[in-house]
Amino acid sequence: MDKHKIKKSKITGIGFHVPEHVVTNQDLSTFMDTSDEWIQIRTGIQKRRWVSRDEAVSDLAIPAAKKAMAEANVFPKDIDLVIVATLSSDYFFPGVSSQLQDKLGLRTVGAFDIKVACSAFVYGISIADQYLRSGTCHTALVVGAEAQTKFINKTTKGRDMAVLFGDGAGAAILQVSNNESGILSTHLHCEGKNLYNLWMEGPGSSSPDQINAMTNEQANTYEPLMNGQEVFKNAVVRFPEVIQEALDHNNLSINDVSLIIPHQANLRIIQSVAKRLNLGLDKMYINIQRYGNTTAASIPIAICEALAEGKICKGDLIILAAFGAGYTWASAAIRW
Ligand code: COA
């Protein structure tokens, strides 16, 4: 490789794993006031996967990571950085990354979790990309994994969120690229003033007395809350904005894009983004109907399925775009 050329990192292996248990819209309507018709019209979701009572997010993350490692032909000794994107770690602390380091038999390499909600996989890719391009690391494992449904109120009170979310994990191995393919740029954003439109209060140090809060009247703070309409309005602006930012940064136009892989939040959000970008829906990868919104896992799962369906080919320009709690949003431009 020309040593004066700026190095790139590239995804050399990717895999996903979802829990076995399928929950259809019809299933949901047996224990909360909702209907298949309402959910499909408002969100496009038909079914999702839920972890079982004795499954945690590490049970999804580990098999996804093993698949990505196998595809990249990478062995535990090769990995020198682990980043796990999750909101639903097995424990309040430490992060899932510690469990991965142990269970995958990795060396004592740097491993940490990032909590940036639905944008977290793209944030993780961005962090790994910096380490690889600088030469600090050679092989990074980036995982997006969620068991969000463990935290969701599965009664009519929580139906606005319960119908949206699903569980799953996706993982990618990133390595230094020796050719034109790889990550061209990443773009990260946050606007904290809107954070209360999509948040979960506890467990958190904002509580005057966390131990008592967990056992008495504040217990209802331990479920996520969402102002769906505000989130929707912001998402349909931020998605196109951050996609355009990625294109402008690389002197590319929307016509150069082969496929956009958006975070799978809501079919109507994806449709609106396509319209705003003047793009056909065939340029937007969509699998929300099968998995719902799997938060940090949605983009790596979508990349895996898009590859399996032959929708990503060598040389294609792919844009990853995400929006989520925080509010955070992010994109990555990738030459596949
Ligand atoms: N089943 C049936 N009815 C439901 C329901 C459900 N699951 N959830 C809410 N409703 C009801 C509401 O109570 C409300 O009833 P009312 O008119 O009697 O008060 C009615 O449906 C309309 O609610 P509204 O919140 O206005 O619906 P909406 O069209 O905004 O759709 C969302 C709700 C959540 C689907 C939509 O706002 C959304 O997708 N927002 C973005 C969420 C998102 O993507 N979050 C993750 C970001 S990463």
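Keep in mind that this is a model prediction, so the values were computed, not measured.

**Q** Whenever I open this one, the environment of A321 confuses me. Can you help?
**A** Looking at where A321 falls in the secondary structure, it is placed in strand β12 (residues 317–324). By relative accessible area, which is 0% here, A321 ends up buried. The spacing of A321 and K77 is 244 residues in sequence and 31 Å in space, taken between C-alpha atoms. Once you skip the residues sitting within four places of it in the chain, A321 turns out to touch F239, V242, I243, I261, P262, H263, I299, A330 and S331.

**Q** In this structure, what is going on with the sheet that holds β12? I would like to understand it.
**A** Picture the strands of a sheet paired through backbone hydrogen bonds; they go either parallel or antiparallel. With mixed pairing, the four strands of this open sheet are ordered in space as β8-β13-β12-β11. Since the sheet does not close on itself, it has two edges, and those belong to β8 (182–190) and β11 (259–262), each with one partner. Going across the sheet, the axis of each strand differs from the next one's by a mean of 15 degrees, ignoring polarity. When β12 meets strand β13 (residues 328–335), the two strands line up antiparallel, connected through eight bridges. Across the sheet, A322 pairs through a bridge with A330, a residue of β13.

**Q** Hey, could you run me through the packing of aromatic side chains in this one?
**A** The description of an aromatic ring pair uses the distance of the two centres, along with the angle that the planes make with each other. All chains considered together, the criterion is met by six aromatic pairs. Between F16 and Y291, the aromatic rings sit 6.3 Å apart at their centres with planes inclined by 80 degrees, giving edge-to-face as the arrangement. On the criterion of sequence distance, the pair formed by F16 in strand β1 (residues 8–17) and Y291 in helix α10 (residues 288–291) is long-range, its members being 275 residues apart. On the numbers, 4.8 Å between centres and 90 degrees between planes, the contact of Y196 with W199 is edge-to-face.

**Q** Just to check I follow, could you spell out empty space enclosed by the protein for this structure?
**A** If a probe the size of a water molecule is rolled over the atoms, the empty space left behind becomes visible. Counted by the stated rule, this structure contains two cavities of 30 Å³ or more. Considering the residues around the second largest cavity, the lining is formed by Q264, N287, I288, Y291, G292, T294, S298 and I301. Elements represented by at least two residues in the lining of the second largest cavity include exactly α10 and α11 (298–308). Looking at the lining of the second largest cavity, its residues break down into three nonpolar, five polar and no charged.

**Q** Looking at this structure, I do not really get the sheet that holds β1. What am I missing?
**A** The five strands lie next to each other as β1-β7-β6-β4-β5, forming an open sheet whose pairing is mixed. At either margin of the open sheet sits one strand with a lone partner, and together these are β1 and β5 (110–114). Ignoring which end each strand starts from, the neighbouring axes of this sheet average 20 degrees apart. In the sheet, strand β4 (residues 81–85) pairs with β5 via five bridges, with the strands oriented parallel. Of the residues in β5, the one forming a bridge with L81 is G110. Against the sheet, helix α4 (residues 96–103) touches β4, β5 and β6 (139–146), its axis set at about 135 degrees to β4. The sheet contacts of helix α5 (residues 120–134) involve β1, β4, β5, β6 and β7 (168–177), and relative to β6 the element is tilted by about 170 degrees.

**Q** Which parts of the structure should I look at to understand the packing of helix α3 (residues 57–72) against α4?
**A** How two helices sit against one another is set out by the angle between their axes and by the gap between those axes. Two numbers describe how α3 lies on α4: the axes approach to 10 Å, and their chain directions differ by 50 degrees. What the angle tells us is that α3 and α4 run oblique. Between α3 and α4 lies a crossing whose hand is right-handed. Residue-level contacts link V57, S58, A61 and I62 of α3 to V96, Q99, L100 and K103 of α4. Looking at the contact of α3 with α4 residue by residue, the class counts come to five nonpolar, two polar and one charged.

**Q** I tried to follow the nonpolar core on my own but got confused; where do I start?
**A** In a soluble, globular protein the nonpolar side chains are often hidden away together inside. Ranked by internal contacts, the top residues of the largest apolar core, which has 44 residues, are I243, L247, I254, I260 and I319. At the level of elements, α6 (159–162), α8 (228–249), α9 (267–276), β12 and β13 are the ones that each hand at least two residues to this core. It is α8 that contributes the most residues to this core, eight residues altogether. In this structure, I319 is in contact with I243, A246, L247, V257, L259, I260, I261, S331, A332 and A333, ignoring residues within four places of it in sequence. Core analysis: the next-biggest nonpolar cluster, separate from the first, contains 37 residues, I11, L174, A322 and W336 among them.

**Q** Explanation requested: the site of the ligand in the structure shown.
**A** The ligand sits among 24 residues. The nearest are T34, R42, G228, Q229 and N266. Between R159 and the ligand, the recorded distance is 2.9 Å, taken from a side-chain N or O atom to an oxygen atom. Within the side chain of N266, a nitrogen or oxygen atom sits 2.5 Å from an oxygen atom of the ligand. Here the ligand has 960 Å² of accessible area as a free molecule, and 73% of this is covered by the chains. Those elements giving two or more residues to the shell around the ligand turn out to be α2 (36–43), α6, α8, α9 and β12. The leading source of residues in the shell around the ligand is α8, at four residues. Each residue belonging to the shell around the ligand can be placed in one class, and the counts come to eleven nonpolar, eight polar and five charged. Taken together, domain 1 (3–179) and domain 2 (184–335) each give at least three residues to the shell around the ligand, which thus spans both.

Cut-offs applied
Residues numbered from 1 in each chain as written. Predicted model: local features only at pLDDT ≥ 70, side-chain atom pairs only at ≥ 80, totals over all residues. Heavy atoms only, no water. Helix = DSSP H or I, 4+ residues; strand = E, 2+ residues; numbered from the N terminus. Buried < 20%, exposed > 50% of the residue type's maximum accessible area, 1.4 Å probe, protein only. Contact = heavy atoms within 4.5 Å. Pairing = 2+ DSSP bridges. Axes fitted to C-alpha atoms, helices over the stretch in contact; angles between N-to-C directions. Phe/Tyr/Trp six-rings, centres within 6.5 Å; stacked < 30°, edge-to-face > 60°. 1 Å grid on protein atoms, 1.4 Å probe; cavity = no way out; pocket = protein on both sides within 12 Å on 5 of 7 lines; lining within 4 Å. Points joined across faces, edges and corners; volume = space filled by probe spheres on them. Nonpolar A, V, L, I, M, F, W, Y, C, P; charged D, E, K, R; others polar. Parallel < 35°, antiparallel > 145°, perpendicular 65-115°, else oblique. Left-handed = near helix turned anticlockwise from the far one by under 90°. Core = buried A, V, L, I, M, F, W, Y, C linked by side-chain atoms within 4.5 Å. Near = heavy atom within 4 Å. Polar contact = N/O pair within 3.5 Å; in protein donor to acceptor, adjacent residues only side chain to side chain. Areas by Shrake-Rupley, 256 points an atom, 1.4 Å probe, with all protein chains shown as cover. Domains from an automatic or database assignment.

Purely geometric stuff here, so don't read any function into it on its own.
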